[in-house]
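# Survey of secondary and tertiary structure
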Amino acid sequence: MRWKLQTVEQEEKSRLPGFAEDAVVRTFDAPEALGIRFHEVRAKSALNHVPGGRFGFDWTINLYRGCTHACTYCFARRTHVYLDFDAGRDFEREIVVKVNAPEVLRAELSRPSWKRELVAIGTNTDPYQWVESRYRMMPEVIAALEQAQTPISVLTKSPLLLRDIDLYERMAKRLPVTVNLSVPTLDEKVWRATEPHTPHPSARLDAVGELRRRGIESGVLIAPLMPGINDAPEQVEPIVERARAAGATFVGGVALHLRDEVRDVFFGWLQAKRPDLLPRYEELYAGGRAYMRPAERKRTTSAVKGWGRGRSRRNPVRPAEFSGPRQSQLF
């Protein structure tokens, strides 16, 4: 089993809703994993069908549930309650690992019914969060998709993806491949406050540059844009300029949306860290609304518009070629 090569300080059993077998619960003796429990489960399926394909893709793969990045705004927090965990600290500290996902995926891709449709990875929780450095499932997933001649789109906040860059480069010579980085801010204070356990934003932009140097389609998602926190032009424009310098093939931004438990977590964070903004957010999301009103959303994302103007012919803007998930589903 994968975990035999890991340094483990604890092993126990637990039962998670939706999984037939007990989960093996492990903790790792590493600074990045202190106080975090990893629930190893055996999934029945690896490919998840997205009804109607309304987000720009029909299939996703989620190797992990929960995320140690601890982003205050993460839309996936609400899915953790389905496992009888809470959307706050449990989402960050109780991580579900589908240890058999690559094996299950290979079996699913070998079926005659598989039509080689685009598969998106990273639409729920980050496939390159810290624990991927231990379980190393993504190389097997990439290889399986390449062998099955299946296009892929990946979204992450981590330059750990560069570990697999040779695989992406090889695959991109045969199939549509996009590897996109989420970079909501370059502001050090905002970064540390809103996504405390993510790799440095500059390292993510450097990763975009390396992907592009290898001929791999790669873009930047400035999302979510949060009024009064990271949406000022002087905060957004440096990201746009760095993306341009990296040769990004796509840059997009989307305003924060808050739904159910995510709203509770985010408003709790505002109360603790930015109480001065509480009245504004109560107005923006009045009546339990998940999205800002259209005019406010347009204002919030305006700094990203027209980012590609002035790009050289050598690196033209080609948004039509972006095959990743639609921005509105990412956060």
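Quick caveat, the model's predicted, so the values are computed rather than measured.

## Focus on the nonpolar core
Across soluble globular proteins, nonpolar side chains show a tendency to be buried alongside one another. Of all hydrophobic cores here, the largest spans 59 residues; its most connected members are Phe38, Leu145 and Val220. One finds Cys71, Cys74, Phe91 and Tyr285 within the second-largest nonpolar core, a separate group that totals 23 residues.

## What to know about the confidence of the model for the protein
Of all residues in the protein, 85% attain a pLDDT of 70 or more, and the chain-wide mean is 88. Counting interchain partners and residues more than four positions distant, the pLDDT-below-50 stretch residues 1-10 has 27 contacts. A low-confidence stretch, residues 309-331 stays under pLDDT 50, and its non-local contacts, those more than four residues away or across chains, total 52 contacts.

## Topic: the packing of helix H2 (residues 101-109) against helix H4 (residues 138-147)
Interaxial distance between H2 and H4 falls to 9 Å at its minimum, and their mutual angle equals 5°. For the element pair H2 / H4, the angle class is roughly parallel. Contacts from Pro102, Glu103, Leu105, Arg106 and Leu109 in H2 reach Glu140, Val141, Ala144 and Leu145 in H4.

## Observations concerning the environment of Pro227
Tracing the chain through its elements places Pro227 in the loop between strand E11 (219-225) and helix H8 (233-246). In the structure, Pro227 is positioned 69 residues away from Glu296 in sequence and 9.2 Å away in space, judged by C-alpha atoms. Setting aside its immediate chain neighbours within four residues, Pro227 contacts Leu277, Arg280, Tyr281, Leu284, Met292, Arg299 and Thr300.

## Considering the pairing of strand E7 (residues 94-98)
Within E7, 5 of the 5 residues are buried, which leaves the element mostly enclosed by the surrounding structure. The sheet contact formed by strand E3 (residues 37-41) and E7 spans 5 bridges and is parallel. Within the sheet, the bridge partner assigned to His39 lies in E7 and is Val96. Inspection of the sheet shows strand E6 (residues 64-65) paired to E7 by 2 bridges, in the antiparallel sense. Residue Tyr64 lies in a different strand from E7, and its bridge partner there is Val97.

## Notes on the pairing of strand E9 (residues 152-156)
Regular strands have side chains that alternate between both faces of the sheet. E9 sits mainly inside the fold: 5 of its 5 residues count as buried. Side chains Ile152, Val154 and Thr156 of E9 all project onto a buried face; the interleaved residues Ser153 and Leu155 project onto the opposite face, where all are buried too. Bridge count for strand E8 (residues 119-121) against E9 is 3 bridges, and the pairing is parallel. Counted as the bridge partner of Ala120 is Ser153 from E9.

## What about the pattern of salt bridges?
Under the counting rule described, the total for this entry stands at 22 salt bridges. A salt bridge links Arg26 to Glu40; the nearest nitrogen and oxygen atoms lie 3.2 Å apart. In this pair, Arg26 sits in strand E2 (residues 23-28) while Glu40 sits in strand E3, placing the two residues 14 residues apart along the sequence. Comparing Arg26 with Glu40 shows no difference in burial state: the two are buried. With its nearest N and O atoms 2.6 Å apart, the salt bridge here joins Arg77 to Glu92. Note that Arg77 is positioned in the loop between E6 and helix H1 (89-93) and Glu92 in helix H1, a separation of 15 residues in sequence. Considered together, Arg77 and Glu92 belong to a single accessibility category, that of buried residues. Beyond isolated ion pairs, a larger network of salt bridges with shared partners links Asp166, Glu169, Glu210, Arg213 and Arg214.

## Considering the side chain of Lys157
One can find Lys157 in the loop between E9 and helix H5 (165-172). The exposure class of Lys157 is buried, given its relative accessible area of 6%. At 2.9 Å, the side chain of Lys157 forms a polar contact with the side chain of Glu195.

## Here we look at the sheet that holds E9
Reading across from one edge, E4-E5-E8-E9-E10-E11-E12 is the order of the 7 strands in this open sheet, with mixed pairing throughout. Of all the strands in the sheet, just strand E4 (47-49) and strand E12 (250-255) have a single pairing partner and so form its edges. Averaged over all neighbouring strand pairs, the angle between strand axes comes to 25°, with direction disregarded. Packed onto the sheet, H4 meets strand E5 (59-61), E8 and E9 and runs at close to 170° relative to E8. In this fold helix H7 (residues 201-213) packs onto strand E10 (177-182) and E11, with an angle of close to 160° to the strand it touches most, E10.

## Some details on unusual backbone geometry
Note the cis peptide between Ala223 and Pro224, where omega equals -5°. The topology assignment puts Pro224 in strand E11. For Asp260, which is not glycine, the phi dihedral falls at a positive 50°. For Asp260, the location among the structural elements is in the loop between E12 and helix H9 (261-273).

Parameters and conventions
- Residues numbered from 1 in each chain as written.
- Predicted model: local features only at pLDDT ≥ 70, side-chain atom pairs only at ≥ 80, totals over all residues.
- Heavy atoms only, no water.
- Core = buried A, V, L, I, M, F, W, Y, C linked by side-chain atoms within 4.5 Å.
- Buried < 20%, exposed > 50% of the residue type's maximum accessible area, 1.4 Å probe, protein only.
- pLDDT = per-residue confidence, 0-100.
- Contact = heavy atoms within 4.5 Å.
- Axes fitted to C-alpha atoms, helices over the stretch in contact; angles between N-to-C directions.
- Helix = DSSP H or I, 4+ residues; strand = E, 2+ residues; numbered from the N terminus.
- Parallel < 35°, antiparallel > 145°, perpendicular 65-115°, else oblique.
- Pairing = 2+ DSSP bridges.
- Salt bridge = Lys/Arg side-chain N within 4 Å of Asp/Glu carboxyl O.
- Polar contact = N/O pair within 3.5 Å; in protein donor to acceptor, adjacent residues only side chain to side chain.

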